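Coordinate inspection notes
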There are 2 protein chains.
Amino acid sequence: MAGFERLGLIAGGGDLPVYVAEAAQGGDRLACVIALKGFADPTRYDSPIIRGIAQLGQVVKDLRLADCDAVCFAGIVTRPDFSALKPDLKGMAFLPQALAAATRGDDALLRAIVGFFEKEGFTVIGANDIADELLVPPGLIGAIEPSPGVRADAAKALHIAGVTGAEDIGQGAVVCDGLVLAVEAQEGTDQMLARVAGLPSELRGSAINRKGVLAKRPKPDQERRIDLPVIGVSTVEGAARAGLAGIVIPAGGAMVLGREAVARAADAAGLAVWAVDMDERADVADDRNPDRKH
Amino acid sequence: MAGFERLGLIAGGGDLPVYVAEAAQGGDRLACVIALKGFADPTRYDSPIIRGIAQLGQVVKDLRLADCDAVCFAGIVTRPDFSALKPDLKGMAFLPQALAAATRGDDALLRAIVGFFEKEGFTVIGANDIADELLVPPGLIGAIEPSPGVRADAAKALHIAGVTGAEDIGQGAVVCDGLVLAVEAQEGTDQMLARVAGLPSELRGSAINRKGVLAKRPKPDQERRIDLPVIGVSTVEGAARAGLAGIVIPAGGAMVLGREAVARAADAAGLAVWAVDMDERADVADDRNPDRKH
């Protein structure tokens, strides 16, 4: 991670930016929180500045006023209706580039945003670099070991999520008994899990006979400073409702929010949650057995 | 197509087997219809024999009694709960092989079924070979031309459906303004389209500003005699509700049920439906512009 002294946190929705704010505050490095209107819950931060996502000029001014040398993006921001944005001047100047990048996919859009802030002179820092305990080493989170069958589904789910990630489709997939039940695109993980819960019962597991695995992994070439996959208690709960037997992530490649609470939820539901050591950038087409090191 | 004289139609759900039965009856080649319990609607056929999907021995007897030399599978059959099947003796003997194939994916399972009937001495014929008007040549179905933007989304959607098809995930994908909105796995096309309709309105089109394309195509190496993709009026209606501007299929690679009704529905909704000339077996990884011949 590049060094920095004063951090501006640009917060979207969900729990991740709250964790990052706490971690940065601990090190006394948090200079300001910019809560994005319509995404972040401003009541969860101490004196946040509230801005719309197209107020780029204003955000840059805010960061400079707070004397920031670095910026961190954390939390959920869905694609806006570009035609309904009310950009300021800098926002307006950036919009054509953002639009062009957006047609190439989410990752291209995120890279364009990173590039914008770097050009303004800020170092862009990943959420996991601030709150480095969010990444986990290889091994179990919780007490339940995956069976060999569950591990086989996990290997295939990681492979599928890698193939679809390489196409910038999404970061998640669900495999049960070798069959790909669902692939995540714009609907997000929670909705994908709800869809699995609604599939015919013959295709999936159940609370009394858990089967199948959710894999989440970064896209093979993604901008890791912005959009690493995240799992939390709600992911475990959704997987449990879908009858799954496990959740697998690459060690060091996905953030776990509230590791102890995740472990408790997994144990209570009877699910294995674990991280595998893998080469995330390995050619996904040849990567048929991504947890081979275990 | 291999020659044959007397056809046994094994019918699953939906409209396709009804079209096939009509076409085969026309040529006076239909010897019997076996309606699969729980899938086919037996009232849509003339004196069907009703069998469970694991009564393989009985089905083979039925086909022999009707003096069939060929068999055609048509219609929707979802994966059964293998543990709840009541197989007859032949079914029991085939079950281990079916289970092993099933863990490799849908296509492997279908190939195993084709292999079983071939080994019993029947020629396996594709639905499209019986009702060959179900396949369409390159060009518009209906009157509405896709715009260049819609064609660009179509090319990407065909590419994505090819990549996911190569992994035996599914046959469909939806792309809007370059962004992959949804990928079809076990939920099926209708549910995928319903999901797109439920995405945030910024991401998709609407009835007054149609955007985005559904592509359906065969998996690059799939068993074409069983599981070619199908579109019909309900597909057009689902795409219309999802705000899409078009549906694209490969010429000769997907079946259109009720071509005139599909054209009318597409014109009424303001959607382009068209078939493109493409090499379906081209390496999907390099096939970034699959409708390049147009």
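Note that the coordinates shown come from a computational prediction; the quantities given were computed from them, not determined experimentally.

Comments concerning the overall build of chain A
A tally of regular secondary structure across chain A gives nine helices and 13 strands. For 294 residues, the compact-globule formula gives about 19 Å, and the C-alpha radius of gyration of chain A, at 19 Å, lands near that figure. For chain A, the spread of C-alpha atoms along the principal axes amounts to about 55 × 40 × 30 Å. Accessible area for chain A stands at about 11800 Å²; split by element, carbon and sulfur atoms hold 51% of it. Of the side-chain charges in chain A, 31 are positive and 40 negative, and the distance between the mean point of each set is 3 Å.

Quick notes on the domain arrangement of chain A
Residue and element names in this part refer to chain A. You can read the domains of chain A as domain 1 (7-132) and domain 2 (135-288). If you average the C-alpha positions of domain 1 and of domain 2, the two centres end up 27 Å apart. At the interface, 19 residues of domain 1 touch 16 residues of domain 2. Carbon and sulfur atoms supply 57% of the area buried between domain 1 and domain 2, which totals about 1500 Å² over both sides. The interface formed by domain 1 and domain 2 holds one salt bridge in total. Among the ionic pairs, Glu-118 bridges to Arg-225, the shortest N-O distance being 2.9 Å.

Describing the interface of chain B and chain A
Each partner contributes to the interface: chain B provides 30 residues, whereas chain A provides 30 residues. Buried surface at the junction of chain B and chain A, both sides included, amounts to about 2500 Å², of which 61% is carbon and sulfur. By the criterion of area lost to chain A, the three top residues of chain B are Glu-167, Leu-179 and Gln-186 of chain B, representing 22% of everything that side buries. For Glu-187 of chain A, the salt bridge is made with Arg-195 of chain B, and the minimal N-O distance between the two is 3.8 Å. Connecting chain B to chain A are four residue pairs in polar contact (both at pLDDT 80 or more). Elements that contribute at least two residues to the side of chain B that touches chain A include exactly α6 (148-166) and β8 (179-183) of chain B.

A closer look at the relation of the copies chain B and chain A
Mapping chain B onto chain A leaves a residual RMSD of 0.0 Å; the transformation is a rotation of 180° accompanied by 0.0 Å of translation along its axis. Read as a symmetry element, the transformation amounts to a two-fold axis. Closest approach to the rotation axis among the C-alpha atoms of chain B is made by Val-183 of chain B, whose C-alpha sits 3.1 Å away. A share of 100% of interface residues in chain B that are also interface residues in chain A marks the association as one of identical surfaces.

Let's talk about the environment of Val-150 of chain A
Residue and element names in this part refer to chain A. Examined against the element boundaries, Val-150 turns out to sit in helix α6 (residues 148-166). Judged by relative accessible area, which is 11%, Val-150 ranks as buried. Separated by 61 residues in sequence, Val-150 and Lys-211 have C-alpha atoms that sit 7.1 Å apart. If we skip the residues at most four places from it in the chain, Val-150 touches Val-213, Ala-245 and Trp-274.

Overview of the side chain of Glu-184 of chain A
Residue and element names in this part refer to chain A. Looking at the secondary structure, you find Glu-184 in the loop between β8 (179-183) and α7 (189-197). This buried residue, Glu-184, is left without a salt bridge; Lys-216 holds the nearest opposite charge, at 4.3 Å. Here the side chain of Glu-184 touches Thr-189 through a polar contact of 2.9 Å, side chain to side chain.

Some remarks on the packing of aromatic side chains
Aromatic ring pairs are defined here through the distance separating the ring centres and the angle between the ring planes. Residues and elements named next belong to chain A. The tally for this structure, following the rule as stated, stands at six aromatic pairs over all chains. With 5.2 Å between their ring centres and 70° between their planes, Phe-73 and Phe-117 make a pair best called edge-to-face. With Phe-73 in strand β4 (residues 70-74) and Phe-117 in helix α4 (residues 106-119), the pair connects residues that are 44 residues apart, well separated along the chain. Judged on exposure class, the residue Phe-73 and its partner Phe-117 are both buried.

Brief notes about the sheet that holds strand β9 (residues 213-216) of chain A
Residues and elements named next belong to chain A. Taken together, the six strands give an open sheet; going across it, the order is β6-β13-β11-β9-β7-β8, and neighbouring strands pair in mixed fashion. Each edge of the open sheet is held by one strand with a lone partner, namely β6 (139-140) and β8. Pairing of strand β7 (residues 172-176) with β9, which is carried by four bridges, proceeds in the antiparallel orientation. Each bridged residue has a counterpart across the sheet, and for Gly-172 the counterpart in β9 is Lys-216. Contacting β7, β8 and β9, α7 crosses the sheet at an angle of about 135° to β8.

Focus on the packing of helix α3 (residues 89-102) of chain A against α4 of chain A
Residues and elements named next belong to chain A. It is the contact of α3 with α4, at a shortest axis distance of 8 Å, that shows an interaxial angle of 150°. Classified by the angle between their axes, α3 and α4 sit roughly antiparallel to one another. Like other packed secondary-structure pairs, α3 and α4 cross with a definite hand, here right-handed. Residues Lys-90, Phe-94, Gln-97, Ala-98, Ala-101 and Ala-102 of α3 lie in contact with α4, whose contacting residues are Ala-108, Leu-109, Ala-112, Ile-113 and Phe-116.

Here's the deal with the packing of helix α8 (residues 233-241) of chain B against helix α9 (residues 259-269) of chain B
All names here are of chain B. Put simply, α8 and α9 touch, their axes get as near as 8 Å, and they point 15° apart. When the axis of α8 is compared with that of α9, the two are roughly parallel. Where α8 crosses over α9, the two elements pack in a sense that is right-handed. Here Val-233, Val-236 and Ala-240 of α8 lie close against α9, whose contacting residues are Ala-261, Val-262, Ala-265, Ala-266 and Ala-269.

Basis of the calculations
Residues numbered from 1 in each chain as written. Chains lettered and ligands numbered in written order. Predicted model: local features only at pLDDT ≥ 70, side-chain atom pairs only at ≥ 80, totals over all residues. Heavy atoms only, no water. Helix = DSSP H or I, 4+ residues; strand = E, 2+ residues; numbered from the N terminus. Rg over C-alpha atoms; globule rule 2.2 N^0.38 Å. Areas by Shrake-Rupley, 256 points an atom, 1.4 Å probe, with all protein chains shown as cover. Lys, Arg positive; Asp, Glu negative; His and termini not counted. Charge placed at Lys NZ, Arg CZ, Asp CG, Glu CD. Domains from an automatic or database assignment. Contact = heavy atoms within 4.5 Å. Buried area = accessible area lost by both parts, 1.4 Å probe. Salt bridge = Lys/Arg side-chain N within 4 Å of Asp/Glu carboxyl O. Polar contact = N/O pair within 3.5 Å; in protein donor to acceptor, adjacent residues only side chain to side chain. Least-squares fit on C-alpha atoms with pLDDT ≥ 70 in both. Buried < 20%, exposed > 50% of the residue type's maximum accessible area, 1.4 Å probe, protein only. Phe/Tyr/Trp six-rings, centres within 6.5 Å; stacked < 30°, edge-to-face > 60°. Pairing = 2+ DSSP bridges. Axes fitted to C-alpha atoms, helices over the stretch in contact; angles between N-to-C directions. Parallel < 35°, antiparallel > 145°, perpendicular 65-115°, else oblique. Left-handed = near helix turned anticlockwise from the far one by under 90°.

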